[in-house]
Amino acid sequence: MNEQSPVIPMPAVTPEGERKPVVFAVRIDPVLREQIEGLRGITEQSVNEVGVEALEGWVAQTLEDETIREKAMAELDAEEQRLQQRRAAISGILGNAATASETSSKEEPKQSARPRSRRGKTQEDS
């Protein structure tokens with residue numbers, strides 16, 4: 001089969017936190033469809049229930065596959081490396097101003113627990 005991988009949008013989240021179901025259509029062989037329709041009639045399941053059950057089973061089986069997990073981790077590592085390269089390139093374009101402001105925003109000076117006078121000395125130092 002020469003099909004493209006479909007882009008699967010993330011399910012919409014309602015204000016109550018519930019996910020709203022989305023349509024996911026697939027093309028299948030007519031013979032398989034006849035088999036599904038026959039079995040669906042016997043089991044009294046809807047086409048949607050059969051499809052969801054099949055896809056959930058496929059996802060669970062695929063997630064258990066160690067080679068899939070390794071491939072996913074390799075892709076995450078590659079993405080992290082691309083992001084680091086992009087950060088370095090942007091820092092190079094912006095110069096030291098970007099890295100100086102980045103470190104100052106990340107590393108805020110620690111405040112002493114001791115009260116300070118107007119000249120910046122702690123009251124114990126006076």
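Residues numbered from 1 in each chain as written. Predicted model: local features only at pLDDT ≥ 70, side-chain atom pairs only at ≥ 80, totals over all residues. Heavy atoms only, no water.

Novice: Is there a simple way to explain the overall build of the chain in this structure?
Specialist: Regarding its fold elements, the chain presents 4 helices and 2 strands. When the helices and strands of the chain are placed in sequence order, the string is β-β-α-α-α-α. Within the chain, contacts between residues separated by at least 24 positions form 3% of all contacts whose residues are at least 6 apart in sequence. When the accessible surface of the chain is summed, it comes to about 12,300 Å², and 54% of that surface belongs to carbon and sulfur atoms. (Helix = DSSP H or I, 4+ residues; strand = E, 2+ residues; numbered from the N terminus. Contact = heavy atoms within 4.5 Å. Areas by Shrake-Rupley, 256 points an atom, 1.4 Å probe, with all protein chains shown as cover.)

Novice: Can you help me understand the pattern of salt bridges in this one?
Specialist: One pass over the full model with this rule turns up 3 salt bridges. Here E37 ties to R33 by a salt bridge, and the two come within 3.9 Å at their closest N and O atoms. A residue pair is termed a helical-turn pair when its members lie 3 or 4 positions apart in one helix, as E37 and R33 do in helix α1 (residues 30–43) at 4 residues. What you see here is one network of salt bridges that share partners, running through R33, E37 and R40. (Salt bridge = Lys/Arg side-chain N within 4 Å of Asp/Glu carboxyl O.)

Novice: It is not clear to me how unusual backbone geometry should be interpreted in this structure. Could you clarify?
Specialist: Most peptide bonds take the trans configuration, and most residues that are not glycine carry a negative phi. One non-glycine residue, E44, lies in the positive phi region at around 60°. Its place among the elements puts E44 in the loop between α1 and α2 (47–64).

Novice: Hey, could you run me through α1 in this one?
Specialist: With 14 residues, α1 should reach 20 Å at 1.5 Å per residue; the first-to-last C-alpha distance of 20 Å fits that figure. One side-chain oxygen of the residue at the start of α1 lies 2.8 Å from the amide nitrogen of V31, identifying that residue as D29. Phi for E44, located one or two positions after α1, is positive at around 60°. (Expected span 1.5 Å × (residues − 1). Polar contact = N/O pair within 3.5 Å; in protein donor to acceptor, adjacent residues only side chain to side chain.)

Novice: So what exactly am I meant to see when it comes to the environment of D65 here?
Specialist: Examined against the element boundaries, D65 turns out to sit in the loop between α2 and α3 (66–94). Residue class for D65 comes out partly exposed when judged on its relative accessible area of 32%. There is a polar contact of 2.7 Å between the side chain of D65 and the side chain of T67. (Buried < 20%, exposed > 50% of the residue type's maximum accessible area, 1.4 Å probe, protein only.)

Novice: Looking at this model, I keep getting lost on the confidence of the model for the chain. Mind explaining?
Specialist: Parts of the prediction with low pLDDT should not have their coordinates interpreted in detail. Per-chain confidence: the chain averages 79 in pLDDT, with 63% of residues scoring 70 or above. When the criterion is pLDDT under 50, residues 1–5 qualifies, and its contacts beyond four places in sequence or with other chains add up to 0 contacts. (pLDDT = per-residue confidence, 0-100.)

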